[in-house]
Amino acid sequence: MSTTTGTVGTLAFRPLDPLRDAEILHGWVTHPKAAFWMMRDARLEDVERAYMEIAADRHHHAFLGLHDGEPAFLMEQYDPARRELVGLYEPRPGDVGMHFLVAPTDRPVHGFTRAVITAVLRRLFEDPATERIVVEPDVRNTAVHALNAAVGFVPEREITKPEKTALLSFCTRDGFERAVTA
């Protein structure tokens with residue numbers, strides 16, 4: 001389990017258990033704040049099935065993020081040459097795709113989402129083979145574009161996926177380090 005401690009508390013990751021964690025994930029992905037996750041109408045069984053498929057896929061992994069030991073966010077890591085972005089860009093060796101979702105809360109903590117994305121990128125860059133993190137958020141998700149820019153992502157171009165028009169963006173190890181130490 002990878003752990004980081006900062007001003008918002010301790011953030012850690014553990015592999016997601018599709019059956020054990022489906023109920024909590026269902027509440028997160030169907031919440032109005034998760035509209036860009038595109039699972040607003042999902043049933044519990046849909047969430048279980050989706051994450052069982054990820055668990056069975058050697059090119060896609062899901063992790064439950066813990067804040068001071070309690071479930072608080074979700075991270076997905078995937079191989080963009082084999083999932084999500086196949087045929088939509090020219091992958092390079094060392095590219096890693098990423099999605100993340102912060103759980104909805106009635107008690108927001110200032111700086112929490114930025115701390116989460118920073119911890120996510122730090123975890124992904126722990127692997128020396130990771131050269132670049134690739135994301136493809138919905139073009140309308142301006143809040144996540146600003147957050148991505150704050151941790152070193154550089155937008156490349158819009159791409160059309162079956163479910164959305166996305167802003168293809170990249171973050172290099174150097175770009176990340178410059179952004180988080182600035």
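Trainee: A description of the layout of surface pockets should follow, citing residues and the corresponding values.
Mentor: Estimates place the volume of the largest pocket at around 1,400 Å³. Taken together, 45 residues line the largest pocket, and the ones lying closest to its centre are Ala34, Trp37, Phe100, Leu101 and Val102. Mapped onto the lining of the largest pocket, the elements with two or more residues apiece are helix 2 (44-55), strand 3 (60-67), strand 4 (70-78), strand 5 (95-102), helix 3 (112-125) and helix 4 (142-150). Looking at the lining of the largest pocket element by element, the count peaks at five residues for strand 5. Of the residues contributing to the lining of the largest pocket, the split by class is 26 nonpolar, eight polar and 11 charged.

Trainee: Any chance you could break down the pattern of salt bridges for me, citing the residues and the numbers?
Mentor: Considering all chains together, one arrives at 14 salt bridges under this definition. Where Asp138 meets Arg140, a salt bridge forms, and the shortest distance between an N and an O atom there is 2.8 Å. Taking relative accessible area as the criterion, Asp138 reaches 5% and is therefore assigned buried. Residue Arg140 is classed as exposed on the basis of its relative accessible area, which comes to 60%.

Trainee: Run through the pairing of strand 2 (residues 9-15), naming residues and quoting values.
Mentor: In terms of burial, strand 2 is a largely internal element, five of the seven residues being buried. Sheet topology note: the strand 2/strand 3 ladder contains five bridges and is antiparallel. Directly across from Pro15, in strand 3, lies its bridge partner Phe63.

Trainee: Give a detailed account of helix 2, specifying residues and quantitative values.
Mentor: Under the 1.5 Å per step criterion, the end-to-end length of helix 2 is 16 Å for 12 residues, consistent within 8% with the ideal 16 Å. Of the positions making up helix 2, those classed as buried are Val47, Tyr51 and Ile54. An end-on view of helix 2 places all buried positions within 45° of arc, on one side of the element. Next to the buried residues of helix 2 lie helix 1 (18-29), strand 3 and strand 4.

Trainee: If you had to explain the side chain of Glu76 to someone new, which residues and values would you point to?
Mentor: Here Glu76 lies in strand 4. A distance of 2.9 Å separates the side chain of Glu76 from the side chain of His60, its partner in a polar contact. Those residues in contact with Glu76, other than ones at most four positions away along the chain, are Trp37, Tyr51, Ile54, His60, His61, Ala62, Gly97, Met98 and His99.

Trainee: So what's going on with unusual backbone geometry? Residues and values would help.
Mentor: Phi is positive for Asp68, which is not a glycine, with a value near 50°. Positionally, Asp68 belongs in the loop between strand 3 and strand 4. In this structure, Glu84 takes a positive phi of about 65° despite not being glycine. Along the polypeptide, Glu84 turns up in the loop between strand 4 and strand 5.

Trainee: Give a description of the packing of helix 3 against helix 5 (residues 173-181) that names residues and reports values.
Mentor: In the contact formed by helix 3 and helix 5, the axes pass within 11 Å of each other and the chain directions differ by 145°. Here helix 3 and helix 5 pass one another in a crossing that is left-handed. Where helix 3 abuts helix 5, its residues Arg114, Thr118, Leu121, Arg122 and Phe125 lie against Arg173, Phe176, Glu177, Ala179 and Val180. In the contact of helix 3 with helix 5, the residues fall into five nonpolar, one polar and four charged.

Rules used in this analysis
- Residue positions are given per chain, counted from 1 along the sequence in the order it is written.
- Residue-level local features of this predicted model are given only where pLDDT is at least 70; pairs of side-chain atoms are given and counted only at 80 or more, and the full residue set underlies all totals for whole chains, interfaces and linings.
- The basis for every side-chain value is the complete set of non-hydrogen atoms in the structure, without hydrogens or water.
- Cavities and pockets were defined on a 1 Å grid built over protein atoms only: a cavity is a set of grid points that admits a 1.4 Å probe from which the probe cannot escape, a pocket is an open set flanked by protein on both sides within 12 Å along at least five of seven lines, and lining residues are those with an atom within 4 Å of any such point.
- Grid points are joined across faces, edges and corners, and a volume is the space filled by probe spheres set on the points.
- Helix and strand definitions follow DSSP, with helices as H or I runs of at least four residues and strands as E runs of at least two, each counted in order from the N terminus.
- Note on residue classes: Ala, Val, Leu, Ile, Met, Phe, Trp, Tyr, Cys and Pro are nonpolar, Asp, Glu, Lys and Arg are charged, and everything else, Gly too, is polar.
- When a carboxyl oxygen of Asp or Glu lies within 4 Å of a side-chain nitrogen of Lys or Arg, that pair is called a salt bridge.
- Remark: exposure states derive from per-residue accessible area (1.4 Å probe, protein chains only) relative to the maximum for the residue type, with buried under 20%, exposed over 50%, and partly exposed in between.
- Here a strand pair is declared whenever DSSP counts at least two bridges between the two strands.
- Working rule for helices: expected span equals 1.5 Å times residues minus one.
- The directions considered for the arc run from the helix axis to the C-beta atoms.
- By the convention used here, residues are in contact when the closest approach between their heavy atoms is within 4.5 Å.
- Counting of polar contacts relies on pairs of N or O atoms within 3.5 Å, with two restrictions inside protein: one atom must be capable of donating a hydrogen and the other of accepting it, and residues adjacent in sequence are counted only when both atoms are side-chain atoms.
- With axes taken as lines fitted to C-alpha atoms, and helix axes fitted only over the stretch in contact, angles between N-to-C directions fall between 0 and 180 degrees.
- Throughout, a crossing is termed right-handed when the near helix is turned clockwise from the far one, and left-handed when it is turned anticlockwise from it by less than a right angle.

Nothing here speaks to function; it is geometry throughout.
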